[in-house]
Amino acid sequence: MDLSRLPHGDIHDFDFLAGRWHVHNRRLVTRLRGADDWAEFGATSCCEPRLSGGANVDQIDFPSLGWSGMTLRTFDVAQRRWSIYWINSRAGVLTPPVHGGFDGDRGLFYGEDAEDGRPVQVRFIWTRAGRDAASWQQAFSLDGREWETNWTMALTRVTD
């Protein structure tokens, strides 16, 4: 992947995500096969900034599924680009990162991974919707032209 062609960002792109969130998930059960078998489930997430905003870590817990996940986001100051890594408690394997940044309230991030043994291109879209709401979606592509969204999250800030 040619990183020079990916979106740039700012060290403050993910400042909005700090704190606790309720998360409504929609996840496509059968991917890259034209299916429409969405599973919906709740989660809670907590994000903490690190290194003066140059990194952040969040843990998301899926109680109805019996597992958790963790995201590590790091900002490359020289390239002005974020890298986003994911690991979950089911597999314990750090997945290849996606890279990118925000333009206004919309963030685009791209990377490469594998799904069912096939190489896929991965796209994340983050959308900030004010201080107390955000959304995220993940899509896979086999050819880089047609994308199938396979996971969406609607985040609402927890206010105590």
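See the structure above.
Rules used throughout
What you see as residue numbers is a count from 1 along each chain, following the sequence as written. In view of the model being predicted, local features appear only for residues whose pLDDT reaches at least 70, and side-chain atom pairs are presented and counted only at 80 or more, with totals across whole chains, interfaces and linings using the full set of residues. With hydrogens and water excluded, all non-hydrogen atoms of the structure serve as input to the side-chain values. Only strands joined by at least two bridges in the DSSP assignment are considered to pair. Helix and strand labels come from DSSP, where a helix needs a run of H or I of at least four residues and a strand needs a run of E of at least two; each type is numbered from the N terminus. Lines are fitted to the C-alpha atoms to define the axes, a helix being fitted only along its stretch in contact, and any angle between axes, read from their N-to-C directions, falls within 0 to 180 degrees. The rule is short: rings of Phe, Tyr and Trp, with Trp giving its six-membered ring, pair when the centres are within 6.5 Å, and they are stacked under 30 degrees, edge-to-face over 60, tilted in between. Note on exposure labels: buried denotes an accessible area under 20% of the residue type's maximum, exposed denotes more than 50%, and partly exposed covers the range between, all computed with a 1.4 Å probe on protein chains only. Any Lys NZ or Arg CZ that is within 6 Å of a ring centre and within 35 degrees of that ring's normal is treated as a charge sitting over the ring. Only buried Ala, Val, Leu, Ile, Met, Phe, Trp, Tyr and Cys residues count toward a nonpolar core, and they belong to the same one when joined by side-chain atoms within 4.5 Å. Contacts between residues were defined by any pair of non-hydrogen atoms, one from each residue, lying within 4.5 Å. Polar contact is the term for a pair of N or O atoms within 3.5 Å; when the atoms are in protein, one must be able to donate a hydrogen and the other to accept it, and sequence-neighboring residues count only if both atoms are side-chain atoms. A pairing counts as a salt bridge when a side-chain nitrogen of Lys or Arg comes within 4 Å of a carboxyl oxygen of Asp or Glu.

Student: So what's going on with the sheet that holds strand 2 (residues 38-50)? Residues and values would help.
Tutor: Ordered by their spatial adjacency, ten strands build a closed barrel running 1-2-3-4-5-6-7-8-9-10, and the pairing between neighbours is antiparallel. Neighbour-to-neighbour, the strand axes of the sheet open up by a mean angle of 25°, direction not taken into account. With seven bridges connecting them, strand 1 (residues 19-28) and strand 10 (residues 148-157) associate as antiparallel partners. When the bridges of strand 10 are listed, H22 appears paired with T156.

Student: Just give me the short version of the packing of aromatic side chains, but keep the residues and values in it.
Tutor: Going through the model one piece at a time under the given rule, you end up with 16 aromatic pairs. Each ring, one from F14 and one from F16, has its centre 6.2 Å from the other, and the planes form 25°; the classification is stacked. Taking relative accessible area as the criterion, F14 reaches 3% and is therefore assigned buried. Relative to F109, the ring of F102 has its centre 6.0 Å away and its plane inclined at 70°; by these criteria the two rings are edge-to-face. F109 matches F102 in its accessibility class, with the two residues each being buried. Grouping aromatic residues by their ring pairs yields a cluster made of F14, F16, F75, W82, F102, F109 and W126. Over the ring of W38 we find R26, and its NZ or CZ is 4.3 Å from the ring centre. R90 extends its terminal NZ or CZ atom over the ring of W67, reaching a point 3.8 Å from the ring centre.

Student: Outline the nonpolar core, supporting the account with residue identities and numerical values.
Tutor: Membership of the largest hydrophobic core comes to 28 residues, with the highest contact counts inside it found for F14, L17, F62, F109, W126, M153 and L155. When residues in this core are grouped by element, the largest group, four residues, is from strand 8 (residues 118-128). In contact with L17, other than residues within four places in its own chain, are C47, D58, R73, W126 and L155.

Student: Tell me about the side chain of R157, and please be specific about residues and values.
Tutor: Tracing the sequence through the fold places R157 in strand 10. There is a polar contact of 2.7 Å between the side chain of R157 and the backbone oxygen of F16. For R157, the side chain forms a polar contact with the main-chain oxygen of R131, separated by 2.9 Å. With residues up to four places along the chain from it excluded, the contact list for R157 reads F16, A18, G19, R20, W21, R131 and D132.

Student: Any details on the pattern of salt bridges? Residues and values, ideally.
Tutor: According to the stated counting rule, one finds ten salt bridges in the structure shown. Here D116 makes a salt bridge to R33, at a shortest N to O gap of 4.0 Å. In this pair, D116 sits in the loop between strand 7 (106-115) and strand 8 while R33 sits in the loop between strand 1 and strand 2, placing the two residues 83 residues apart along the sequence. The exposed category is assigned to D116, whose relative accessible area is 60%. Taking the shortest distance from any N to any O, the salt bridge between R128 and D105 comes out at 3.3 Å. Here R128, found in strand 8, pairs with D105, found in the loop between strand 6 (98-103) and strand 7; they are 23 residues apart in sequence, far enough to count as distant. Overlapping salt bridges, with partners in common, bring together R131, D132 and R157 in one network.

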